[in-house]
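Notes for the structure review
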Amino acid sequence: MCRSDVRQAVLAKNDDLAARLREELAEQGVAVVNLLSSPGSGKTELLGRMLADAVARGVPVAALTADLATENDAIRLARSGAPVQQVLTDGLCHLEARQVRERLAGWLPEDTSVLFVENVGNLVCPASYDLGENLRIVLMAVTEGEDKPLKYPTAFGSAHVVVITKTDLAEAAGFDESTFRANVHRVNPGVEIVRSCARTGDGVGTVLDRALAARDGAPAHRPPLAPHPHGHDHAHGHDHTHGHDHAHEHPHQHTESAPVA
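Residues numbered from 1 in each chain as written. Predicted model: local features only at pLDDT ≥ 70, side-chain atom pairs only at ≥ 80, totals over all residues. Heavy atoms only, no water.

**Here we look at the overall build of the protein chain**
Just so we agree on the cut-off: Strands are runs of DSSP state E lasting at least 2 residues, helices are runs of H or I lasting at least 4, and numbering of each runs from the N terminus. In this description, contact between two residues means that some pair of their heavy atoms is separated by no more than 4.5 Å. For every accessible area listed, the method is Shrake-Rupley and the probe measures 1.4 Å; residues are considered covered only by the protein chains on display.
On a plain count of helices and strands, the protein chain comes out with nine helices and 10 strands. For the protein chain, restricting intrachain contacts to residue pairs at least 6 apart in sequence, the fraction spanning at least 24 positions comes to 75%. Here the protein chain has roughly 10700 Å² of accessible surface; of this, 49% comes from carbon and sulfur atoms.

**Some thoughts on the nonpolar core**
Selection criterion: What makes a nonpolar core is a set of buried Ala, Val, Leu, Ile, Met, Phe, Trp, Tyr and Cys residues whose side-chain atoms join them at distances within 4.5 Å. The rule is simple: take the accessible area with a 1.4 Å probe, protein chains only, and divide by the maximum for that residue type; under 20% is buried, over 50% is exposed, in between is partly exposed.
Grouped together as the largest cluster of nonpolar side chains are 30 residues, with contacts concentrated most on Val33, Met50, Leu51, Val61, Phe116, Ile137 and Val163. Taken together, the elements giving at least two residues each to this core come down to strand E1 (31-36), helix H2 (43-57), strand E2 (61-67), helix H3 (72-78), strand E4 (114-118), strand E5 (135-141), strand E6 (161-165) and helix H9 (204-215). Excluding residues that lie within four positions of it along the chain, Ile137 makes contacts with Val33, Asn34, Leu35, Leu36, Val161, Val163 and Val207.

**A short note on helix H8 (residues 177-187)**
Two residues of an α-helix separated by three or four positions point the same way, owing to the 3.6 residues in each turn. Stated precisely, the cut-off is as follows: Relevant arc is that of directions from the helix axis to the C-beta atoms, nothing else.
Of all the positions in H8, only Phe180, Asn183, Val184 and Val187 are classed as buried. Down the axis of H8, the buried side of the element spans an arc of 100 degrees, and every buried residue falls inside it. When the buried face of H8 is taken as reference, the exposed residues oriented beyond 90 degrees from it are Ser178 and Arg186. As for H8, its buried residues are in contact with E5, helix H5 (148-151), helix H6 (153-157), E6 and strand E7 (192-195).

**Points about the pairing of E5**
The criterion, for reference: The rule for pairing is simple: two strands pair if DSSP sees at least two bridges between them.
Where burial is concerned, most of E5 is hidden: seven out of the seven residues are buried. With burial as the criterion, each face of E5 is covered, one bearing Leu135, Ile137, Leu139 and Ala141 and the other bearing Arg136, Val138 and Met140. Where E1 lies against E5, four bridges are found, and the strand directions are parallel. Residue pairing across strands places Leu36 opposite Val138, the latter belonging to E5.

**Points about the environment of Gly190**
Mapping Gly190 onto the fold places it in the loop between H8 and E7. Distance from Gly190 to Pro223, taken between C-alpha atoms, is 8.7 Å for residues 33 residues apart in sequence.

**Some details on the side chain of Glu118**
We count it as follows: By the counting rule applied here, Lys and Arg register as positive and Asp and Glu as negative, while His and the ends of each chain are not counted. Just to be clear on terms, a salt bridge is a Lys or Arg side-chain nitrogen sitting within 4 Å of an Asp or Glu carboxyl oxygen. Nitrogen and oxygen atoms within 3.5 Å of one another constitute a polar contact, given that in protein one can donate a hydrogen and the other can accept it, and given that sequence-neighbouring residues count only through two side-chain atoms.
Tracing the backbone through its elements, the reader meets Glu118 in strand E4. For the buried Glu118, no salt bridge is present, and the opposite-charge side chain at shortest range is Lys43, 4.2 Å distant. A polar contact is formed between the side chain of Glu118 and the side chain of Thr65, at a distance of 2.6 Å. Residues within four places of Glu118 in sequence aside, it is in contact with Leu35, Lys43, Thr44, Leu47, Leu64, Thr65, Ala66, Asp73, Leu77 and Leu95.

**Focus: H2**
We count it as follows: Expected span of a helix: the number of residues minus one, times 1.5 Å.
Compared with an ideal rise of 1.5 Å per residue, which puts 15 residues at 21 Å, H2 spans 21 Å between its outermost C-alpha atoms and is within 8% of the ideal. Directly beyond the C-terminal end of H2, a positive phi value near 80 degrees is found at Gly58.

**Description of the pattern of salt bridges**
Working definition: two side chains of opposite charge can pair if their charged atoms are close together. Within the structure shown, the criterion is met by 16 salt bridges. Here Asp147 makes a salt bridge to Lys151, at a shortest N to O gap of 3.6 Å. A cluster of three or more residues bridged by salt bridges with shared partners is formed by Glu45, Asp73 and Arg76.

**Let's talk about the packing of aromatic side chains**
Stated formally: Aromatic pairs are defined between Phe, Tyr and Trp rings, using the six-membered ring for Trp, whenever the two ring centres lie within 6.5 Å; interplanar angles under 30 degrees are classed as stacked, those over 60 as edge-to-face, and all others as tilted.
Under the counting rule described, the total for this entry stands at two aromatic pairs. Centroid distance Phe175 to Phe180: 5.6 Å. Interplanar angle 50 degrees. Geometry classified as tilted. The residues Phe175 and Phe180 share a single accessibility class, namely buried. Among the aromatic residues, those joined into a cluster by ring pairs are Phe156, Phe175 and Phe180.

**Looking at the side chain of Lys43**
Structurally, Lys43 can be placed in helix H2. For Lys43, the contacting residues outside a window of four places in its chain are Leu35, Leu36, Ser37, Ser38, Glu118, Asn119, Val120, Gly121 and Leu139.

**Section: the environment of Thr65**
Structurally, Thr65 is set in strand E2. Assessed through its relative accessible area of 0%, Thr65 is described here as buried. Taking the C-alpha atoms as reference points, Thr65 and Leu88, 23 residues apart in sequence, are found 8.6 Å from one another. Each residue touching Thr65, except ones within four places of it in the same chain, is listed here: Asp73, Ala74, Leu77, Val84, Gln85, Gln86, Val87 and Glu118.

So this is what it looks like as structure tokens:
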């Protein structure tokens, strides 16, 4: 079997498991939101604000956060009052459906309606792995450069929603928002782009509303990338498929999971 065939087999196995996970969670009334970004985008801070907002609204949410090492992000997120678990990937640069399913077993609170999954900080490998999500949100800070969507078309091209973070720094960073928006829409025409700032709370409620809409079965934006040949319908009744323009073969290293009280 050639290397390309091995990669496709790895992705196909992951997608099959992700489809089953999506169906299982739908039966429990749970929608999954997958958050992707580069390191330093501010997604942990934004997610913490969203979790706190959800708790204040009385919405039962939970979160998994993934890192190569340390439980720092889980500790930060747990301050929101929502149930949080840390997944330590021990060097693996992305999460897979297998890891999510294993971590949820025996832990996910029964009343959970939205599960947020904070992926490893990386816009390359995570973009190719369906985690059983109903909504994929890709985030980018104003400090990262307006051409990032063109450099990482798989990530931005598979997003249901794109979020601009750290907008309070836009002027200092010389961020050209109109150019960024044009670049996003070159790889993902029509996708919604939300401005946010975790420090001020701007946009936090909007992003949370999109997650709740996915939970309630609202039709999601269709990313333009070609779906997998064995694409699966979304658990809430609308299509949910991800196109991938590349695949990565990684050794399956030992994955640790750490609970946070």
